[in-house]
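Report on the structure
Here is what each chain is made of, one letter per residue.
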Amino acid sequence: MKSKTKRTLLWSLGIIAVAVIGYAIYYFTAVYNQIGALQKTGGDSPFKNIPTNTAVAAAPPVWEGTEPVNILLMGVDSRQSNDGEVPRSDTMLVASLDPVKKTIHLFSILRDTYVDIPGHDQNRINSAITHGPTTAMQTVSDLLGIPVQYYVYTDFQGFIKLVDAVGGIDFNVEKDMHYVSAADKHEYDIDLKAGMQHLDGKTALQYVRFRHDAMSDFSRTERQRAFLTAVGDKLKSTTSIMNLPDILQQVNPYIDTNLSVDDLWKLASVAYDSKMSGSDQLPPNNLLVEKHVGGAQVIGISSESKLKQFVQDALSKTTTDPVPVSSDGKSGTSADPEASSSTEGSSSSSTSSSSTTSNSSSSPESSSTSSSK
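As a starting point, this report considers the structure included with it. (Residues numbered from 1 in each chain as written. Predicted model: local features only at pLDDT ≥ 70, side-chain atom pairs only at ≥ 80, totals over all residues. Heavy atoms only, no water.)

**Description of the overall build of the protein**
Counting secondary structure elements, the protein contains 13 helices and 14 strands. Taken across its 373 residues, the protein has 50% of its residues classed as buried. (Helix = DSSP H or I, 4+ residues; strand = E, 2+ residues; numbered from the N terminus. Buried < 20%, exposed > 50% of the residue type's maximum accessible area, 1.4 Å probe, protein only.)

What follows is the structure, given as structure tokens:
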């Protein structure tokens, strides 16, 4: 009898082992295939109509796993774009990962910042992506003074799918937000009430898009950094990791990147073990100046060398505890969603500078992207 029981137990353990091995094979195969499909080529590439030398980013240097990695994250509004047309970026963030310190630092770039676009004169930085990811990465690299090795490109639908795929985000909306647009047939109207709540993909998009207040793009970039941090935390959860194949499958059609499968595996392992070290707006308010180009207001930089030094100082912090930074470049609470409402009016320089972004939508250069946001 004992012998029969032992055989039954061994048989059961064998079945369990086979099931675990089978799931592991399925899991890693599915993830590997989905990650590989994130790189779009040929007719599937959003940059298919841009000359090859700028549309296809050069292969990044081999990553040894010890040097910092900088990834340009770009979100665009492609609702009014023709097929094959690359819209200006609505959001530009740089995620800097340090595998030695095990930290992640986020920089959000004000989209109306007026900079040199390599090979295309000067323009708002949000126009750089219209010339391809290589140009966008080089533009940001020149501005920040750090190498940008990778990019991730998506649109509104990709963001919605990502948030829905992770099951939504519990988040504190710091104030009432309301905006309507008949031009979009009210599909992207914004109507949020203040308070802790569960945001799905569509309501999360409303939150990160809202800029119709006195602080305009300044407060919006703070919210975007805070929400992106919350999404990153959710992706680290056990549930999200188990559902990773399904998450990747849902967002895959809306994402393009130059990250290889191997690079993504290595970076994902670094990101999982890392903590947020801070977040900053670029340019910080103490280096921001109002400029007029062709009768339109844009954001200028008083000293590019000081901006680069600001970035280096932010990245050189050795702490691994979250140190959010307010929009004026000083230590604050901007990355804390509960504190956003208190930081929006924290400095007179922020308030006065916000008029630059608030009025920039009147520019002919930005009308194609600003009118419906």
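What follows picks up the thread again.
**A word on helix α4 (residues 156–165)**
Those residues of α4 that fall on the buried side of the exposure criterion are Phe 156, Gly 158, Ile 160, Val 163 and Ala 165. Its side-chain oxygen placed 3.2 Å from the backbone nitrogen of Gln 157, Asp 155 serves as the N-cap of α4. In the segment just after α4, Gly 167 is the residue with positive phi, at about 90°. (Polar contact = N/O pair within 3.5 Å; in protein donor to acceptor, adjacent residues only side chain to side chain.)

**So, the packing of aromatic side chains**
In this structure the tally under the stated criterion is seven aromatic pairs. Taking 6.4 Å as the distance between ring centres and 80° as the angle between the ring planes, the aromatic pair formed by Phe 47 and Tyr 151 counts as edge-to-face. With Phe 47 in the loop between α1 (2–36) and α2 (52–55) and Tyr 151 in strand β6 (residues 150–155), the pair connects residues that are 104 residues apart, well separated along the chain. The exposure class of Phe 47 is buried, given its relative accessible area of 1%. What links up through ring pairs into an aromatic cluster is the set Phe 159, Phe 171, Tyr 207 and Phe 227. Sitting over the ring of Tyr 207, Arg 223 keeps its end group 6.0 Å from the ring centre. (Phe/Tyr/Trp six-rings, centres within 6.5 Å; stacked < 30°, edge-to-face > 60°. Lys NZ or Arg CZ within 6 Å of the ring centre and 35° of its normal.)

**Quick notes on the pattern of salt bridges**
Evaluation of the coordinates by the stated rule reveals four salt bridges. Between Glu 174 and Arg 223 there is a salt bridge whose closest N-O contact spans 3.1 Å. Of this pair, Glu 174 sits in the loop between β7 (169–173) and β8 (177–179) while Arg 223 sits in helix α6 (residues 216–235), and the two are 49 residues apart along the sequence. Take Arg 223: its relative accessible area is 0%, and that puts it in the buried class. (Salt bridge = Lys/Arg side-chain N within 4 Å of Asp/Glu carboxyl O.)

**As for the side chain of Ser 96**
Structurally, Ser 96 is set in strand β2 (residues 89–98). Apart from residues no more than four positions distant in its own chain, Ser 96 is found in contact with Val 69, Asn 70, Thr 103, Ile 104, His 105 and Leu 315. (Contact = heavy atoms within 4.5 Å.)

**Regarding the environment of Asp 83**
Within the secondary structure, Asp 83 sits in the loop between β1 (69–76) and β2. Under the relative-accessibility criterion, Asp 83 is labelled exposed at 69%. Between the alpha carbons of Asp 83 and Asn 49 there is a distance of 9.4 Å; along the sequence they are 34 residues apart. When neighbours within four sequence positions are excluded, Asp 83 is seen to be in contact with Lys 48 and Asn 49.

**Observations concerning a nonpolar patch on the surface**
Taken together, Leu 9, Leu 13, Ile 16 and Val 20 make up a surface patch of nonpolar side chains, about 380 Å² in accessible area. Mapped onto the secondary structure, Leu 13 falls in helix α1. Using a relative accessible area of 46% as the deciding quantity, one classes Leu 13 as partly exposed. (Patch = residues over 30% accessible without salt bridge, like charges linked within 9 Å, V, L, I, M, F, W, Y side chains within 5 Å. Areas by Shrake-Rupley, 256 points an atom, 1.4 Å probe, with all protein chains shown as cover.)

**Re the nonpolar core**
Where a protein is soluble and globular, its nonpolar side chains tend to be buried together. Counting 31 residues, the largest nonpolar core has Leu 72, Ile 109, Val 140 and Leu 144 as its most contacted members. Mapped by element, the contributors of at least two residues to this core are β1, β2, β3 (103–109), α3 (133–144), β6 and α10 (304–315). Broken down by element, this core gets its largest block of residues, five residues, from α3. Those residues within four positions of Leu 144 in sequence are excluded, and the remaining contacts are Val 94, Phe 107, Ile 109, Leu 282, Lys 308 and Val 311. Val 173, Met 177, Tyr 179 and Val 231 belong to the second-largest nonpolar core, a separate cluster that totals 24 residues. (Core = buried A, V, L, I, M, F, W, Y, C linked by side-chain atoms within 4.5 Å.)

**Points about the layout of surface pockets**
A probe matching the size of a water molecule, rolled over the atoms, marks out where space remains unfilled. A volume near 370 Å³ is recorded for the second largest pocket. Residue lining of the second largest pocket: 22 residues in total, with Asp 44, Ser 45, Pro 46, Tyr 153 and Asp 155 positioned closest to the centre. Examining the composition of the lining of the second largest pocket, we find that three residues originate from one element, β6, more than from any other. A per-class count over the lining of the second largest pocket returns eight nonpolar, seven polar and seven charged. (1 Å grid on protein atoms, 1.4 Å probe; cavity = no way out; pocket = protein on both sides within 12 Å on 5 of 7 lines; lining within 4 Å. Points joined across faces, edges and corners; volume = space filled by probe spheres on them. Nonpolar A, V, L, I, M, F, W, Y, C, P; charged D, E, K, R; others polar.)

**Observations concerning empty space enclosed by the protein**
This structure, assessed with the given rule, holds one cavity of 30 Å³ or more. Taken as a whole, the largest cavity holds about 50 Å³ of empty space. In this structure, the largest cavity is lined by Asp 90, Thr 91, Met 92, Leu 93, Ser 108, Ile 109, Arg 111, Asp 217, Arg 220, Thr 221 and Gln 224. When residues of the lining of the largest cavity are traced back to their parent elements, those giving at least two are β2, β3 and α6. Of the residues assigned to the lining of the largest cavity, the class counts are three nonpolar, four polar and four charged.

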